[in-house]
Protein chains: 2
Amino acid sequence: MSNKQIIYTTPPAPAIDPSLGTGTFRLNTLPIPKDVPTDKLLVRVHYLSLDPAMRQWLTAKRSYIAPVEQGAIMRGQSIAQVLAVGSGLSSKYSKGDWVVASSGWQEYAVVSAKEAEKITVPAGGRPTDAMSVLGMTGLTAYFGMVEIAQVKKGDTVVVSGAAGATGMVAGQIARIKGAKRVVGLAGTKDKCDFLVRELGFDSAINYKDADWRKQLKLATPEYIDVFFDNTGGDILDACLARAATNSRFAICGAISQYNAAKPQGPASFMSVISQRITMKGFIVFDHVKQFPAALKELGSWLAEGKLKRKEHIVPGGLEAAPQGLVDLYAGANTGKMMVEVAPVSEALAVKAKL
Amino acid sequence: MSNKQIIYTTPPAPAIDPSLGTGTFRLNTLPIPKDVPTDKLLVRVHYLSLDPAMRQWLTAKRSYIAPVEQGAIMRGQSIAQVLAVGSGLSSKYSKGDWVVASSGWQEYAVVSAKEAEKITVPAGGRPTDAMSVLGMTGLTAYFGMVEIAQVKKGDTVVVSGAAGATGMVAGQIARIKGAKRVVGLAGTKDKCDFLVRELGFDSAINYKDADWRKQLKLATPEYIDVFFDNTGGDILDACLARAATNSRFAICGAISQYNAAKPQGPASFMSVISQRITMKGFIVFDHVKQFPAALKELGSWLAEGKLKRKEHIVPGGLEAAPQGLVDLYAGANTGKMMVEVAPVSEALAVKAKL
């Protein structure tokens, strides 16, 4: 048995080239590690997370996290199952446990306890939730909407990238917290229909429509109190021009700009002054201490049916990850995008309730 | 005796054209009002304030204040002397009092009590201070640096437009509040020398130098904790790229953009996310309730010599105002710019200690 790995080789210029070997990444095949050090675990990756932040990890500039080095396994988290436990960790982990692993893009990984968080599935939850609505994307939505934007009753809330893993949770949290209007921006009619019909957004705007700015104006008759931004670019610009006085802009991501050779600043920036806007960028990892409390609240909303999940599973095994990432930037997904590296049917039966 | 007035006639396209009659403004001459209504004052304007915000008042778009209407007297504040008091106001004002008047651009004005704030000159102060270091520009610097940017001991602070009326006070407040480094950006070598030699800035950078970005980097070895922005544009962009984690950007003005047909958004905007920057726009009038406390503190710093003032007086009477405003946007001034509409020698002797 072998362990396939995807290695980061060539900086995107500026877009990711998904062709393995000639593009941004190459495939590497090694034997599966046999001996597990006493302080490590051997895990098998089942679902690999694809995240908008990944493009930034391939840019060698000052950021919240060091870039991935050329020649290293591509960084990423996964839902994985423990196959073998080093003797020093046997009190904490058992064979068959499901974990969120900092495995990187490979089929099998040897990880430390720090890199493998055991998944406790709450009532009504699923293990893959730990990578979406009860994982980093759900937590990002939570802290962005609750702590950074300080959403409150009566607010008009706009979310960009609203059909993405983070956006859809952010919009639902605004609804739960009593927002007067929740408006989503997404890139297809199907996504917009999903947001309104399935998730209870008041309206959703396809930003590829020619008249999307007019639609945004109509959907926000009292201007925008809270903007949760995942996209940057033109949408951020339009929301600045539509900001209410003393509005709060939680800047979570700028997916429209990650692959841009020359990023575009928001031309309507001067609204920040005239409308006294507070714009605040944030990173979910700054809120680690508050994770347990947030997960408890997210878990209870999920159990009560107030919060809905949606996953977009990419088939085809590990090799599908590069194209999946390119598709993520093209907006192919509705909900949390993950690559099925190994189906559940191949999981160890022990505790394998995925 | 006549009253000259400057009337706003033609929207700038996009720059202000100072030629009276054919440009942005025209001159109007009326008799000086003879009868003062019971609830009004007749004042004579001596010093007319020129402010970067004025260009924005000529743009008909949603802002913190309604635009000046075409055909109306140009809006502006002045240091003025009371010539006549309506009978209803005689308990509050006397002939000869000095006031900060919302007079507009004219030589004589009939104003209400709301539009005429009596000047109380603290020890060590001067009446014209009420339009600069103890007026709107000083208060703007105070609230921006203390409340919005929350400057604290040990911070590296950068101020753009640092030789302007607001910027020079902002930098000095940072110094007083214990900043580790105070760095100013200005547009001439003389201004930079003034900031370092006269006001105690640690360094000052001429943004017209070819290598100003490199100078900025060298002047901020621990990055920028607080940026007080008066200019926007390239300088904001460079400071975003140089921002420290959890830095605070007080967005006060964007003078580089006011005359731009197409405003330029900051291309380094994505630093907001990676460095978790808080950018906050503000307007001094939102802090009116705190004015007395702030003025007390500013006044004591001025009296103690910790805070220095600087005025730039434009000669030539009221007609010099349009060209003065153009010069303000070109950066001609060091310190508070005001037009001498009538010299102090012409003031009434009564209480006229200007």
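Under the annotation held in an unreviewed UniProt entry, chain A carries the name Enoyl reductase (ER) domain-containing protein and is attributed to Penicillium nalgiovense.

Novice: I would appreciate a short explanation of the sheet that holds strand 9 (residues 181–186) of chain A in the present structure.
Specialist: Strand pairing in a sheet relies on backbone hydrogen bonds. The paired strands run either parallel or antiparallel. With mixed pairing, 12 strands are arranged side by side in an open sheet as 10(A)-9(A)-8(A)-11(A)-12(A)-13(A)-13(B)-12(B)-11(B)-8(B)-9(B)-10(B). Two strands lie at the open edges of the sheet, namely strand 10 (203–206) of chain A together with strand 10 (203–206) of chain B, each paired on one side alone. When strand polarity is set aside, the average angle formed by the axes of neighbouring strands in this sheet is 15 degrees. The sheet strands contacting helix 2 (residues 136–148) of chain B are strand 8 (156–159), strand 11 (224–229), strand 12 (243–251) and strand 13 (278–281) of chain B, and the helix crosses strand 11 of chain B at an angle near 150 degrees.

Novice: It is not clear to me how the domain arrangement of chain A should be interpreted in this structure. Could you clarify?
Specialist: In many reports, interface size means the accessible area that the parts give up when they come together. All names here are of chain A. Per the domain assignment, the segments making up chain A are domain 1 (2–132 + 309–346) and domain 2 (136–288 + 293–303). Relative to domain 2, the C-alpha centre of domain 1 lies at a distance of 27 Å. With 24 residues of domain 1 at the interface, the matching set in domain 2 holds 18 residues. For the domain 1 and domain 2 pair, buried surface summed over both sides reaches about 1700 Å², with 62% attributable to carbon and sulfur atoms. Our count for the domain 1 to domain 2 interface comes out at 0 salt bridges.

Novice: What's the story with the state of the cysteines in this structure? I'm lost.
Specialist: Covalent bonding between the sulfur atoms of two cysteines defines a disulfide. Under the counting rule described, the total for this entry stands at 0 disulfides over all chains. Between Cys 252 of chain A, a cysteine without a disulfide, and Cys 239 of chain A, which holds the nearest cysteine sulfur, the sulfur-to-sulfur distance is 14 Å. Looking at the unpaired Cys 192 of chain B, the closest cysteine sulfur is the one in Cys 239 of chain B, lying at 14 Å.

Novice: What's the story with the interface of chain A and chain B in this structure? I'm lost.
Specialist: The interface of chain A with chain B comprises 35 residues on the first partner and 35 residues on the second. The junction of chain A with chain B conceals about 2900 Å² of combined surface from both sides, 59% of it contributed by carbon and sulfur atoms. A per-residue breakdown of the area chain A buries against chain B is headed by Arg 62, Met 270 and Ile 273 of chain A, which together make up 26% of the total. Put simply, chain A and chain B have 2 salt bridges between them.

Novice: How do you make sense of the pattern of salt bridges when you look at a structure like this?
Specialist: Where charged atoms of side chains with opposite charge meet at close range, the side chains can pair. Residue and element names in this part refer to chain A. Tallying each qualifying case throughout the model produces 30 salt bridges over all chains. Among the salt bridges present, the one from Lys 118 reaches Asp 97, with a minimum N-O distance of 3.5 Å. Taken together, the residues Lys 118 in strand 7 (residues 116–118) and Asp 97 in the loop between strand 4 (78–85) and strand 5 (98–101) connect sequence positions 21 residues apart. For Lys 118, a relative accessible area of 39% gives the class partly exposed. The exposure class of Asp 97 is buried, given its relative accessible area of 4%. Linked by salt bridges that have partners in common, Lys 152, Asp 155 and Arg 248 make up one network.

Novice: How do you make sense of empty space enclosed by the protein when you look at a structure like this?
Specialist: A probe as big as a water molecule, rolled over the atoms, marks out the empty space that is left. One pass over the full model with this rule turns up 4 cavities of 30 Å³ or more. Here the largest cavity defines a volume of roughly 80 Å³. Residue lining of the largest cavity: 15 residues in total, with Gly 233, Gln 257 and Gln 264 of chain A together with Phe 269 and Met 270 of chain B positioned closest to the centre. Tallied by class, residues from the lining of the largest cavity come to 8 nonpolar, 6 polar and 1 charged.

Novice: I tried to follow helix 5 (residues 212–219) of chain A on my own but got confused; where do I start?
Specialist: An α-helix turns once every 3.6 residues. As a result, residues three or four positions apart point the same way. Residue and element names in this part refer to chain A. Listed as buried for helix 5 are Trp 212, Leu 216 and Ala 219. All buried residues of helix 5 lie within an arc of 70 degrees about the axis, which places them on one face of the element. When the buried face of helix 5 is taken as reference, the exposed residues oriented beyond 90 degrees from it are Lys 214, Lys 217 and Leu 218. The secondary structure elements touched by the buried residues of helix 5 are strand 8 (156–159), strand 9, strand 10 and helix 6 (233–241).

Novice: Could you clarify how one ought to interpret the pairing of strand 1 (residues 2–8) of chain A in this entry?
Specialist: In the case of a regular strand, side chains alternate between the two sheet surfaces. Residue and element names in this part refer to chain A. When you tally the buried positions in strand 1, you get 5 out of 7 residues, the bulk of the element. Across 7 bridges, the pairing between strand 1 and strand 2 (residues 25–31) is antiparallel. Looking across to strand 2, one finds that Ser 2 is bridged to Pro 31.

Novice: Explain the relation of the copies chain A and chain B here, please?
Specialist: Note: a rotation about an axis with an accompanying shift along it relates these two copies of the chain. Placing chain A over chain B gives an RMSD of 0.0 Å and needs a rotation angle of 180 degrees, together with 0.0 Å of translation along the axis. Here the transformation between the copies is reduced to the relation of a two-fold axis. Minimal C-alpha separation from the rotation axis in chain A is found for Gly 265 of chain A, amounting to 1.9 Å. Both copies share a contact surface, since 100% of the interface residues of chain A are interface residues in chain B too.

Definitions and limits used
Residues numbered from 1 in each chain as written. Chains lettered and ligands numbered in written order. Predicted model: local features only at pLDDT ≥ 70, side-chain atom pairs only at ≥ 80, totals over all residues. Heavy atoms only, no water. Pairing = 2+ DSSP bridges. Helix = DSSP H or I, 4+ residues; strand = E, 2+ residues; numbered from the N terminus. Axes fitted to C-alpha atoms, helices over the stretch in contact; angles between N-to-C directions. Contact = heavy atoms within 4.5 Å. Domains from an automatic or database assignment. Buried area = accessible area lost by both parts, 1.4 Å probe. Salt bridge = Lys/Arg side-chain N within 4 Å of Asp/Glu carboxyl O. Disulfide = S-S within 2.5 Å. Buried < 20%, exposed > 50% of the residue type's maximum accessible area, 1.4 Å probe, protein only. 1 Å grid on protein atoms, 1.4 Å probe; cavity = no way out; pocket = protein on both sides within 12 Å on 5 of 7 lines; lining within 4 Å. Points joined across faces, edges and corners; volume = space filled by probe spheres on them. Nonpolar A, V, L, I, M, F, W, Y, C, P; charged D, E, K, R; others polar. Arc of directions from axis to C-beta. Least-squares fit on C-alpha atoms with pLDDT ≥ 70 in both.

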